[in-house]
Amino acid sequence: MTEKNHWQELLVFFRQDALIAGRHLRRPCPVPLPSVSLLEELRTLARHHGLLPLFHRHLLSSLALPETARPHPGQLPQDATAICPGCTEETLFQARWCCLPILTCRGATASIVWMLLGHMPGWQGFSFIGDPQPQASSLEAAITAQTAIGHDLQSPDYGFLAVTLQHPDEPPLTGGSLALSLALGMLLLDRGKRWPEGVYASGGLSVAGRIHNIAGEVLKYGRVGQDMKMLMYPDTGLLELIPDAKVVRCADLEQAVFALDCVQEGADAGKIILFRACLANPRLFLERFKSLPLGLLSFAAGRKLLARIGNERHRLFPVLGRCLADCHDDPERAAVIADLFSPEEISAIARQDSDEEALVAHRWCVSRIACANRNGAVADSRAWIDLAQTLEFSATKGVEKVDYANHAFVTARFNRYDFRPEPPGDFVECLDIEQRLYGIAQRDNRVLGAMYGTLAQNYGFCGPACRPQFADCIHKAEEAFGRKYRRESLRLLAYQIYSLLDGAQYSEAMKLLNRYLGTPAGGGPQQWIDAMLCLWRRPTEHTPFQTATVCRLLVELTHTGNLWPQPDWCRSLAAMLPGRLSHPWQLTACNLGQLFNAAGLHDQGAALLHRSVDACRAGGITMVPMALMPLAVLNDLYPGDAGIGSVCAEIVQKIRTSGLLHRPHFQPLMDATTPVQILEEVLADPGRYFPFSYR
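Every value quoted in this text rests on a predicted model; they were computed, and no experiment measured them.

Asker: Go over the overall build of the chain with me, naming the residues and quoting the values.
Answerer: The helix and strand tally for the chain stands at 34 helices and nine strands. Its C-alpha atoms give the chain principal-axis dimensions of about 90 × 65 × 45 Å. Long-range pairs, those at least 24 residues apart, make up 67% of the contacts in the chain with a sequence separation of at least 6. Computed over 66 positive and 71 negative side-chain charges, the inter-centroid distance for the chain is 3 Å.

Right, here's the structure in full:
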């Protein structure tokens, strides 16, 4: 509702039906305060109908609006601020506020009483102000609620003040079922959060935080059932009478806080039961981890679970191994469990009598190699490669050995910038075996498809001269994946787009991008960005790479004069960047920085280029040289900047001394005499140093 509509409607109701006006005043103010003249007219009408005290409380509830919509000091009438005795106007505006829906029953009728709750600086304890004062049972429940959350408060020197959006002549609140809502509201205010829309809670509390049974469950549910997102009730209630997934039963305050946090993070109330079950069971959590929101681990229950998994990691080793294999292509997710075992521990496990343990140990090594490859951490990858090579047993002669050879290929060549057509011997051996097995079985083969995909990348990094071999491997990979692993073949489209871009075949690249994103043939930048916004609402392991491919193509089209990037496109794409830029996000940030600059948004462009530099420097050794690309663009924009030259010199020194990179690839840069020479060389021919998918 707009500001004008709300106050104009209220004006009409005052003139035509004061009863309806009163109903509106009993709800929180949804919009900023009106003009002084309209406010005075409304006050006059409210006084005429005997609704002035309720009108003042309605105005006071505007303090709970978001920061940009809250009233300013001096804007609230003095009669409204006088509702809070002992509070100066300064204190009212320093406080945090929220509006809580309190579910009540009177006879056979349930209703919602809204309560304005304030988190007051310099205030002691909990106080209800204004009439009607709640009955003793509700006052006791409020004190119990504050006591129950006392140890969780971040600002213990703040107190709480509450006023109901009721007329002073109305019946007071009674009973203890408001305790749960009050406790949750106080915790939210203490954390600087607002009460989420469509969420209700009703339950008594003990000082220890246990949620007690209440009366009128069915009545209260009937009052809010159609509009609610979630209703929290005690777990001791009449479960069979309300079979609604949006009714979440909570045994204690910790469970209720968890449920509230989940809803605030955008989770569907129906999933909270699953989330709670996973956080209570390490094995179930690890089995479902790939599809669970990472935000669960920031909750107290999530932190407890991680500690428990760490303590029980040897017992959970088989399921941990499967979990890491499932999420090795998600750096943030894999990092949660990847460091639970050192190479020494894995070596000890592999040398036990059990073949199953040894097999899981080998799989763990392969997953750690894959994780390190994604982060460009060649040293870490080599440590796990060395360990995997020592684990010689019969179980490694199947899929595990092939996966190992595939990931080791990436470490030895791509991540070291050692680009040459001939694949390693052990990879060729495994590929030959898989190809013969495929010829016999004639079944869709994920492993063989992945191997041909890796080989296609190898030829892609070697440039347009190897285009025929690249195309042949893409065809064989598609054939091996078949229908069963069609989703796996999606990344092959990205490889083909990068190969076409390196060959300056932009029209063909645009056609393939439409296939990659699922956009109509002939689609252009606006359709690509719209598609990315849709994909980003339900991201998969492909989404970061789809975003990177879109940005790379837009940059290529811009550099060749075929496109003039629009500011709105740039902002939409930049909004997708995560807080931590793991691969390939550092490349996306670099390309976005160039798009912003081309669109005339130089400050934002420079900021993105600096983010890319920082991400590359913080990443593994493979990512470190990539910092030269954003540095080269920054040097072109801000020539003579000593800081840019200093970072460039640092990067080249790391290339020179790391011992992990293929130095001949960077030899012209190491032969250059100044940072400016280095960056000008990179800017002039970025594909020479960062071919295929490395820019």
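Asker: Please give an account of the environment of Ala504 that cites residues and values.
Answerer: Tracing the chain through its elements places Ala504 in the loop between α23 (490–502) and α24 (506–517). Taking the C-alpha atoms as reference points, Ala504 and Pro53, separated by 451 residues in sequence, lie 73 Å from one another.

Asker: Kindly report on the pattern of salt bridges, identifying the contributing residues and their values.
Answerer: This model, assessed by the stated rule, comprises 27 salt bridges. The partner of Glu40 in a salt bridge is Arg43, and the shortest N-O contact between them spans 3.5 Å. With Glu40 and Arg43 both in helix α3 (residues 36–48), this residue pair falls three residues apart, about one helical turn. Through salt bridges with shared partners, one network takes in Asp502, Arg552, Glu556 and Arg695.

Asker: A description of the nonpolar core should follow, citing residues and the corresponding values.
Answerer: With 103 residues, the main nonpolar core has Leu628, Leu631 and Phe690 as its most contacted residues. Ranked by residue count, the leading element in this core is α23, at nine residues. Sequence-distant contacts of Leu631, defined by excluding residues within four places in its chain, comprise Val613, Ile644, Val647, Cys648, Ile651 and Leu679. Judged by nonpolar contacts, the second largest core, of 86 residues, contains Ala148, Met230, Phe275 and Val366.

Asker: Before we move on, can you summarise the sheet that holds strand β8 (residues 230–234) with the specific residues and values?
Answerer: In space, the three strands of this open sheet follow the order β5-β8-β9, with parallel pairing throughout. At either margin of the open sheet sits one strand with a lone partner, and together these are β5 (199–201) and β9 (247–250). Averaged over neighbouring strand pairs, the angle between their axes works out to 20 degrees when direction is ignored.

Asker: Give me unusual backbone geometry: which residues, what numbers.
Answerer: In the segment running from Asp131 into Pro132, the intervening peptide bond is cis, with an omega of 0 degrees. Secondary-structure assignment places Pro132 in the loop between β3 (126–128) and α7 (136–149). Of the consecutive residues His583 and Pro584, the connecting peptide bond is found in the cis state with omega at 10 degrees. Of note, Pro584 is situated in the loop between α27 (567–574) and α28 (585–598). Even without glycine at this site, Gln442 takes up a positive phi of about 55 degrees. By the element assignment, Gln442 lies in the loop between α20 (425–441) and α21 (446–461). Despite not being glycine, Ala504 shows a phi value in the positive range, around 60 degrees.

Asker: Explain the pairing of β9 residue by residue, including any values.
Answerer: Neither face of β9 is exposed, since Val247 and Arg249 on one face and Val248 and Cys250 on the opposite face are all buried. In this structure, β8 lies alongside β9, joined through four bridges in parallel fashion. Of the residues in β9, the one forming a bridge with Leu231 is Val247.

Asker: Explain the packing of aromatic side chains residue by residue, including any values.
Answerer: Ring pairs (aromatic) are described by centroid distance and by the angle formed between their planes. Inspection of every chain in the model, using the stated rule, returns 22 aromatic pairs. Relative to Phe692, the ring of Phe461 has its centre 5.1 Å away and its plane inclined at 70 degrees; by these criteria the two rings are edge-to-face. Here Phe461, found in helix α21, pairs with Phe692, found in the segment after α34 (686–689); they are 231 residues apart in sequence, far enough to count as distant. You can call Phe692 buried: its relative accessible area is 0%. Ring plane angle 75 degrees and centroid distance 6.1 Å describe the contact between Phe470 and Phe692, whose orientation is recorded as edge-to-face. In this pair, Phe470 is assigned in helix α22 (residues 467–481) and Phe692 in the segment after α34, connecting sequence segments 222 residues apart.

Asker: Explain the sheet that holds strand β2 (residues 109–121) residue by residue, including any values.
Answerer: Taken in spatial order, the four strands of this open sheet run β1-β2-β4-β3, and their pairing is mixed. The open sheet has two free edges, formed respectively by β1 (96–106) and β3, since each of these has just one partner strand. Between one strand and the next, the sheet's axes are offset by a mean angle of 25 degrees, whatever the strand orientation. Two strands pair when backbone bridges link them, and β3 and strand β4 (residues 158–164) are joined in this way by three bridges, in the parallel orientation. Counterpart to Phe128 in the pairing with β4 is Ala162. Strands in contact with helix α8 (residues 179–190) are β1, β2, β3 and β4; relative to β1, the strand with the most contacts, it is inclined by about 170 degrees.

Basis of the calculations
Residues numbered from 1 in each chain as written. Predicted model: local features only at pLDDT ≥ 70, side-chain atom pairs only at ≥ 80, totals over all residues. Heavy atoms only, no water. Helix = DSSP H or I, 4+ residues; strand = E, 2+ residues; numbered from the N terminus. Contact = heavy atoms within 4.5 Å. Lys, Arg positive; Asp, Glu negative; His and termini not counted. Charge placed at Lys NZ, Arg CZ, Asp CG, Glu CD. Salt bridge = Lys/Arg side-chain N within 4 Å of Asp/Glu carboxyl O. Core = buried A, V, L, I, M, F, W, Y, C linked by side-chain atoms within 4.5 Å. Buried < 20%, exposed > 50% of the residue type's maximum accessible area, 1.4 Å probe, protein only. Pairing = 2+ DSSP bridges. Axes fitted to C-alpha atoms, helices over the stretch in contact; angles between N-to-C directions. Phe/Tyr/Trp six-rings, centres within 6.5 Å; stacked < 30°, edge-to-face > 60°.

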